[in-house]
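Examination of the molecular architecture
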Amino acid sequence: MKLSAVDFNLDWPASIKLKNLREFIVSNLEKKGDVVRWSIIDIQKSIDSKNAKTLRIKAILAN
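Presented here is a report on the structure given in the accompanying data block. The structure displayed is predicted, hence computed values, not measured ones.

1. Observations regarding the nonpolar core
Counting residues in hydrophobic clusters, the biggest one holds 11 residues: Phe8, Leu10, Trp12, Leu21, Phe24, Ile25, Leu29, Leu55, Ile57, Ala59 and Leu61. Among the secondary structure elements, those contributing two or more residues to this core are β1 (3-12), α1 (21-29) and β3 (53-62). Setting aside residues no more than four positions away along its own chain, Leu61 makes contact with Lys2, Leu3, Ser4, Val6, Leu29, Lys32, Gly33, Asp34, Val35 and Val36.

2. Focus on the pattern of salt bridges
For the structure shown, the criterion picks out one salt bridge. For the salt bridge of Arg56 with Asp7, the shortest nitrogen-to-oxygen distance reads 2.8 Å. One end of the pair, Arg56, is in strand β3; the other, Asp7, is in strand β1, and 49 residues separate them in sequence. On the accessibility criterion, Arg56 (31% relative accessible area) is partly exposed.

Criteria and cut-off values
- Residues numbered from 1 in each chain as written.
- Predicted model: local features only at pLDDT ≥ 70, side-chain atom pairs only at ≥ 80, totals over all residues.
- Heavy atoms only, no water.
- Core = buried A, V, L, I, M, F, W, Y, C linked by side-chain atoms within 4.5 Å.
- Buried < 20%, exposed > 50% of the residue type's maximum accessible area, 1.4 Å probe, protein only.
- Helix = DSSP H or I, 4+ residues; strand = E, 2+ residues; numbered from the N terminus.
- Contact = heavy atoms within 4.5 Å.
- Salt bridge = Lys/Arg side-chain N within 4 Å of Asp/Glu carboxyl O.

Structural data, given as structure tokens:
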């Protein structure tokens, strides 16, 4: 098993409610590998959309 660290930005659309945010993040991370752990490092207003936000995510994935 190989572990890799990823640090990336993820757009959080206004249509995703707070109670569904965890599921949204994990489903996006699973596209990259098996999730060992993850955390939100920063939240900023998105430049493109008025209501959307951009999340900075750090994660450890197993490939």
